[in-house]
Amino acid sequence: MRFLPTEEQSDFTRTLRSQLAAAGVPSVVRAWAAGDHGPGRELWSRLADTGLAALAVPEAHDGLGPLPVELALGFVELGRAGVPGPAVEGAAASVLLARLGDEVLAKRFLPGLASGAALATLTLPGGSPYALDADAATHRFTVSAAGELRLAPGGGDALASLDPARALSAPAAGGELLAAGPAVTAAAREALDWARLLTAAQCLGVGEALLGRTVEYVKQRTQFGTPIGAFQAVKHRLADTLLGLEFARPLLWAAALSLEPGEVAAAKLTAGEAAYAAALTALQLHGAVGYTEELDLSLWLRKARPLRDAWGTPAACRAQVLRSRER
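First things first, this report covers the structure right here in the doc.

Calculation notes
Residues numbered from 1 in each chain as written. Predicted model: local features only at pLDDT ≥ 70, side-chain atom pairs only at ≥ 80, totals over all residues. Heavy atoms only, no water. Axes fitted to C-alpha atoms, helices over the stretch in contact; angles between N-to-C directions. Helix = DSSP H or I, 4+ residues; strand = E, 2+ residues; numbered from the N terminus. Parallel < 35°, antiparallel > 145°, perpendicular 65-115°, else oblique. Left-handed = near helix turned anticlockwise from the far one by under 90°. Contact = heavy atoms within 4.5 Å. Nonpolar A, V, L, I, M, F, W, Y, C, P; charged D, E, K, R; others polar. Buried < 20%, exposed > 50% of the residue type's maximum accessible area, 1.4 Å probe, protein only. Polar contact = N/O pair within 3.5 Å; in protein donor to acceptor, adjacent residues only side chain to side chain. Core = buried A, V, L, I, M, F, W, Y, C linked by side-chain atoms within 4.5 Å. Pairing = 2+ DSSP bridges.

1. As for the packing of helix H4 (residues 68–81) against helix H7 (residues 182–220)
Reasoning step 1: Packing of H4 against H7 leaves a shortest axis separation of 6 Å and a crossing angle of 40°. With respect to H7, the element H4 is oriented oblique. You can see that H4 and H7 cross each other, and the crossing is right-handed. Every residue of H7 that contacts H4 at Pro68, Leu71, Ala72, Phe75, Val76, Gly79 and Arg80 is listed here: Trp194, Leu197, Leu198, Ala201, Gln202, Leu204, Gly205, Val206, Glu208 and Ala209.
Reasoning step 2: Classifying every residue of the contact of H4 with H7 by side-chain character gives 12 nonpolar, three polar and two charged.

2. Quick notes on unusual backbone geometry
Reasoning step 1: At the junction of glycine 65 and proline 66, the peptide bond is cis and its omega measures out at 5° in the coordinates.
Reasoning step 2: Its place among the elements puts proline 66 in the loop between helix H3 (38–48) and H4.
Reasoning step 3: Phi is positive for leucine 259, close to 55°, though the residue is something other than glycine.
Reasoning step 4: Structurally, the position occupied by leucine 259 is in the loop between helix H8 (232–258) and helix H9 (261–286).
Reasoning step 5: The exposure class of leucine 259 is partly exposed, given its relative accessible area of 24%.

3. Quick word on the side chain of glutamate 77
Reasoning step 1: Among the structural elements, glutamate 77 can be located in helix H4.
Reasoning step 2: Here the side chain of glutamate 77 touches arginine 80 through a polar contact of 3.1 Å, side chain to side chain.

4. Here's the deal with the nonpolar core
Reasoning step 1: Ranked by internal contacts, the top residues of the largest apolar core, which has 98 residues, are Leu52, Leu71, Phe75, Leu78, Phe141, Leu149 and Leu210.
Reasoning step 2: Each residue touching phenylalanine 75, except ones within four places of it in the same chain, is listed here: Leu52, Ala87, Val88, Ala91, Leu198, Ala201 and Gln202.

5. Focus on the side chain of lysine 268
Reasoning step 1: In this fold, lysine 268 is placed in helix H9.
Reasoning step 2: Here leucine 307 takes part through its backbone oxygen, which lies 3.3 Å from a polar atom of the side chain of lysine 268.
Reasoning step 3: What lysine 268 contacts, discounting residues up to four positions off in sequence, is Arg196, Thr199, Ala200, Leu307, Arg308, Asp309, Ala310, Trp311, Gly312 and Cys317.

6. Digging into the environment of threonine 6
Reasoning step 1: By secondary structure assignment, the location of threonine 6 is in the segment before helix H1 (7–21).
Reasoning step 2: When the C-alpha positions of threonine 6 and alanine 23 are compared, they lie 26 Å apart, and in sequence the two are 17 residues distant.

7. Digging into the sheet that holds strand E3 (residues 139–143)
Reasoning step 1: Taken in spatial order, the four strands line up as E1-E3-E4-E6 in an open sheet, and their pairing is mixed. Every other strand in the sheet has two partners, leaving strand E1 (120–123) and strand E6 (176–180) as the edge strands with one partner each. Each strand of the sheet is rotated relative to its neighbour by a mean of 20°, with strand direction disregarded.
Reasoning step 2: Both E1 and E3 contribute to a ladder of four bridges, which runs parallel. By the bridge assignment, threonine 121 is partnered in E3 with arginine 140.

8. Things to note about the packing of H1 against H4
Reasoning step 1: In contact at an axis separation of 10 Å, H1 and H4 are set at 25° when each is read in the N-to-C sense. Classified by the angle their axes make, H1 and H4 are roughly parallel. In this structure, H1 crosses over H4, and the sense of that crossing is right-handed. The segment H1 lies against H4, with Gln9, Phe12, Thr13, Leu16, Arg17 and Leu20 engaging Val69, Glu70, Leu73, Gly74, Glu77, Leu78, Arg80 and Ala81.
Reasoning step 2: Residues belonging to the contact of H1 with H4 are distributed by class as follows: seven nonpolar, three polar and four charged.

9. Quick word on the pairing of strand E4 (residues 148–151)
Reasoning step 1: Side chains Leu149 and Leu151 project from E4 onto a buried face, and the interleaved Glu148 and Arg150 project onto a face without burial.
Reasoning step 2: Bridge analysis of E3 against E4 gives three bridges, and the strand direction is antiparallel. Note that in E4 the partner of valine 143 across the bridge is leucine 149.
Reasoning step 3: From the end of E3 to the start of E4, which pair antiparallel, there are four residues, and glycine 147 there has a positive phi angle of about 85°.
Reasoning step 4: Taken together, the four bridges between E4 and E6 define a ladder with antiparallel strand orientation. In the strand pairing of E6, glutamate 148 is matched with alanine 180.

Shown next, in the form of structure tokens:
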């Protein structure tokens, strides 16, 4: 049994990483946080050309998927680069629409989502009650606890967020009713698992970026004429951070292979906690400079905790893991 990425998967990952490295993502994030979505949309369009958005859409509707492992690999790279926008929500919306089995809705929305021409945000029972980046989204889907799928007419006032590049708002009431009933409820449960899986992948990428930048910094910062990275206490802290991320990695791939709710929740819990621990380590070892907005590190520091709690807080994920073990 092979537990390593295939050659095609590795090539896809390298292509994404190369594009993101050349895209100047920190400036895109700052523009997105300021309300200028143009650079972010342009970046997402280029990423969609690699097939990233199409991985959540069935081939019957101009997609390449659903391919959860490849999509998780891609979202690790999005997290590592700090890409803003409702990427998770768009993929989860694609899964939701595909699982409904409504050809009219699928033809209406899925080709645009697969090509990257349209961005979507989504709220589901069990996830956050707030829509991410509703002002930037082409489509704003919302599923109620009663099993009604609606297209919200617009986003409400943005709420304060730890990450300025994550604008949250309550979905506007009303809107076009797209579907209702048990099929919506079942599709929403599956979409929730995909959202948790891809958020876990983002968390892993954010944690890796924070650790990588911190390792480079401790090689340069000196105390008593010695790089602080040579101090044993610093080495231990970095090693613990690395262990947390490496422990989360196989859980993420196992969840992508099975899509079993308990395994997805375990991956989300572990990756989210590992990313948050990486943020705490980065902040401590950078010292006061880590608090400055001018330092690019702050863009990842601000993502760690919101992503840890998005699409299932640690408590919610633990509860899901326990429910799965009781069956």
